[in-house]
Amino acid sequence: MKIAIGSDHGGFRLKEEIKDYLRQQGVEHTDFGTYSTASVDYPDIAQTVGEKVAAGEFERGILICGTGIGISIAANKVPGVRAALCGDVFSARMSREHNNANILALGERVIGSGLALMIVQTWLEAEFAGGRHARRVEKISALEK
Ligand code: RB5
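Residues numbered from 1 in each chain as written. Predicted model: local features only at pLDDT ≥ 70, side-chain atom pairs only at ≥ 80, totals over all residues. Heavy atoms only, no water.

Visitor: Hey, could you go over unusual backbone geometry for me, with residue numbers and the actual values?
Guide: Cis geometry is adopted by the peptide bond preceding T34, which originates at G33 and carries an omega value of 0°. Within the secondary structure, T34 sits in the loop between β2 (28-31) and α2 (42-54). (Helix = DSSP H or I, 4+ residues; strand = E, 2+ residues; numbered from the N terminus.)

Visitor: Can you explain a nonpolar patch on the surface? Please cite residues and give values.
Guide: On the surface, I69, I73 and L85 cluster together to form a nonpolar patch covering roughly 260 Å² of accessible area. Structurally, the position occupied by I69 is in helix α3 (residues 69-75). (Patch = residues over 30% accessible without salt bridge, like charges linked within 9 Å, V, L, I, M, F, W, Y side chains within 5 Å. Areas by Shrake-Rupley, 256 points an atom, 1.4 Å probe, with all protein chains shown as cover. Salt bridge = Lys/Arg side-chain N within 4 Å of Asp/Glu carboxyl O.)

Visitor: Explain the pattern of salt bridges to me, and be specific about the residues and the numbers.
Guide: Overall, the coordinates contain 9 salt bridges when judged by the stated rule. We note a salt bridge from K15 to E16, for which the minimum N-O separation is 2.9 Å. The salt bridge involving D31 is made with K19; its shortest N-O contact spans 2.8 Å. Pair noted here: D31 is in strand β2 and K19 is in helix α1 (residues 12-25), with a separation of 12 residues, a long-range link.

Visitor: Quick rundown of the sheet that holds strand β1 (residues 2-7)? Include the residues and the values.
Guide: Spatially, 5 strands are ordered β2-β1-β3-β5-β4 in an open sheet, and the strand pairing comes out parallel. Looking at the sheet topology across the chains shown, the edges are occupied by β2 and β4 (83-85). On average, each strand axis in the sheet is inclined to that of its neighbour by 20°, with strand direction left out of account. Relative to strand β3 (residues 60-65), β1 runs parallel, the two sharing 5 bridges. Each bridged residue has a counterpart across the sheet, and for I5 the counterpart in β3 is I62. Contacts between α1 and the sheet are confined to β1, β2, β3 and β5 (103-107), with β1 contributing the most and set at about 160° to the helix. (Pairing = 2+ DSSP bridges. Axes fitted to C-alpha atoms, helices over the stretch in contact; angles between N-to-C directions. Contact = heavy atoms within 4.5 Å.)

Visitor: So, the packing of helix α4 (residues 89-97) against helix α5 (residues 113-125): which residues are in play, and what are the values?
Guide: Where α4 contacts α5, the two axes come as close as 8 Å, and the packing angle between them is 25°. With respect to their mutual orientation, α4 and α5 come out roughly parallel. Along this stretch, α4 crosses α5, giving a crossing that reads as right-handed. Where α4 abuts α5, its residues V89, A92, R93, S95 and R96 lie against M118, I119, T122 and W123. Its residues placed into classes, the contact of α4 with α5 shows 5 nonpolar, 2 polar and 2 charged. (Parallel < 35°, antiparallel > 145°, perpendicular 65-115°, else oblique. Left-handed = near helix turned anticlockwise from the far one by under 90°. Nonpolar A, V, L, I, M, F, W, Y, C, P; charged D, E, K, R; others polar.)

Visitor: With reference to specific residues and values, describe the site of the ligand.
Guide: D8, H9, Y42, C65, G66, T67, G70 and R109 make up every residue found near the ligand. At a separation of 2.8 Å, an oxygen atom of the ligand approaches a polar backbone atom of G66. Within the contact set of the ligand, an oxygen atom lies 2.9 Å away from a backbone nitrogen or oxygen of G70. Split by residue class, the shell around the ligand holds 2 nonpolar, 4 polar and 2 charged. (Near = heavy atom within 4 Å. Polar contact = N/O pair within 3.5 Å; in protein donor to acceptor, adjacent residues only side chain to side chain.)

Read these as spatial facts, not as claims about activity.
And the structure:
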């Protein structure tokens, strides 16, 4: 699975930890920035990663900002993106099984890195359940038209 990852300055440190984890797990990933703690605007990163995932260049994406809120709101403006902001493993799993989330959003200033890595692991392992959930996800896509 190919992952596109990105953060603003508020999520930079957690992004680096998640990259280490992905490397250890042998998960292919590309970092679309930011590359330091210098201040940047999260919508720019959300757009880049969102477009890569929506275009199918990457199967899934991970986005991090201070709260995870701004970057998930912005990513969800890109047609085809279903970004889920998760602060617990149950939501992470459900966002895949029920919502077919293709981007995971995290808040570095909200959760610790131990929980964040557990959320990433859960989210990467979980699969879309389909069935009745497929109809609902199709209705989400219809809202974009
Ligand atoms: C940046 O200071 C902060 O606003 C950003 O990382 C994020 O939390 C926005 O939702």
